[in-house]
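Here is what each chain is made of, one letter per residue.
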Amino acid sequence: VQLQASGGGLVQAGGSLRLSCTASGRTFSNYIMGWFRQAPGKEREFVAVISWNGGSEDYADSVKGRFTISRDNAKNTVYLQMNSLKLEDTAVYYCAADSGSWGRGRSPSEYDYWGQGTLVTVSS
């Protein structure tokens, strides 16, 4: 499956952005979808994950209560709504697809396909 992430940009602290990731090539609803991010000089870290039909979600503690993951299987798209953005949210954000079973979904190694990343920059 091919993944195309979009929606990144420059936003002031406290602002909001919505990222989108559109899939093509295979049946989108067969995949658990996750969002990860990577800041300069740091390892890629888990942000959020959503199950095949959207019935289950999980979030990193650092974004819980501020970010919301959702999906629209009819549009082959997963979203990440980011509110109350902080300087430390600055990173390249990646979407990823997992064809396996529902587990923790927090390790990049669990995912089979990756999008190209979209840059989110939060300014003061």
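For the structure, check the block above.
Attention in this report is confined to the structure presented alongside it. (Residues numbered from 1 in each chain as written. Predicted model: local features only at pLDDT ≥ 70, side-chain atom pairs only at ≥ 80, totals over all residues. Heavy atoms only, no water.)

Attention now goes to the overall build of the protein. Tallying secondary structure elements over the protein gives zero helices and eleven strands in all. Going from N to C terminus, the protein has its helices and strands arranged as β-β-β-β-β-β-β-β-β-β-β. Scaling as 2.2 N^0.38, a compact globule of 124 residues should have a C-alpha radius of gyration of about 14 Å, and the protein matches this with 13 Å. With the principal axes as the frame, the protein shows a C-alpha extent of 40 × 25 × 25 Å. By the burial criterion, 43% of the 124 residues in the protein qualify as buried. Per element, the accessible surface of the protein, about 6100 Å² overall, is 45% carbon and sulfur. Each charge class in the protein was averaged separately, 12 positive and 11 negative side chains, and the resulting centres sit 3 Å apart. (Helix = DSSP H or I, 4+ residues; strand = E, 2+ residues; numbered from the N terminus. Rg over C-alpha atoms; globule rule 2.2 N^0.38 Å. Buried < 20%, exposed > 50% of the residue type's maximum accessible area, 1.4 Å probe, protein only. Areas by Shrake-Rupley, 256 points an atom, 1.4 Å probe, with all protein chains shown as cover. Lys, Arg positive; Asp, Glu negative; His and termini not counted. Charge placed at Lys NZ, Arg CZ, Asp CG, Glu CD.)

Turning our eyes to something else, we now look at the environment of Asn 76. Position of Asn 76 among the secondary structure elements: in the loop between strand 7 (67-72) and strand 8 (77-82). Residues Asn 76 and Gly 41 lie 35 residues apart in sequence; the distance between their C-alpha atoms is 32 Å. Contact partners of Asn 76, with chain neighbours within four places excluded, come to Cys 21, Thr 22, Ala 23 and Phe 28. (Contact = heavy atoms within 4.5 Å.)

This part takes up the pattern of salt bridges. Per the counting criterion, the structure on display carries five salt bridges. Linking Lys 64 and Asp 61 is a salt bridge whose minimum nitrogen-to-oxygen distance equals 3.3 Å. Overall, the relative accessible area of 48% leaves Lys 64 in the partly exposed class. With its nearest N and O atoms 2.7 Å apart, the salt bridge here joins Arg 66 to Asp 89. (Salt bridge = Lys/Arg side-chain N within 4 Å of Asp/Glu carboxyl O.)

Moving on: the environment of Val 120. With respect to the helices, strands and loops of the structure, Val 120 is situated in strand 11 (residues 118-123). Taking the C-alpha atoms as reference points, Val 120 and Tyr 93, 27 residues apart in sequence, are found 7.0 Å from one another. If we ignore the near neighbours within four places in the chain, the residues touching Val 120 are Gly 8, Gly 9, Leu 17, Leu 19, Met 82, Asp 89, Thr 90, Ala 91 and Tyr 93.

What follows is about the nonpolar core. Met 33, Trp 35, Leu 80, Met 82 and Tyr 93 are the most contacted members of the largest nonpolar core, which has 37 residues in total. Secondary-structure elements contributing two or more residues to this core are strand 1 (2-6), strand 3 (17-24), strand 4 (32-38), strand 5 (45-50), strand 7, strand 8, strand 9 (91-98) and strand 11. (Core = buried A, V, L, I, M, F, W, Y, C linked by side-chain atoms within 4.5 Å.)

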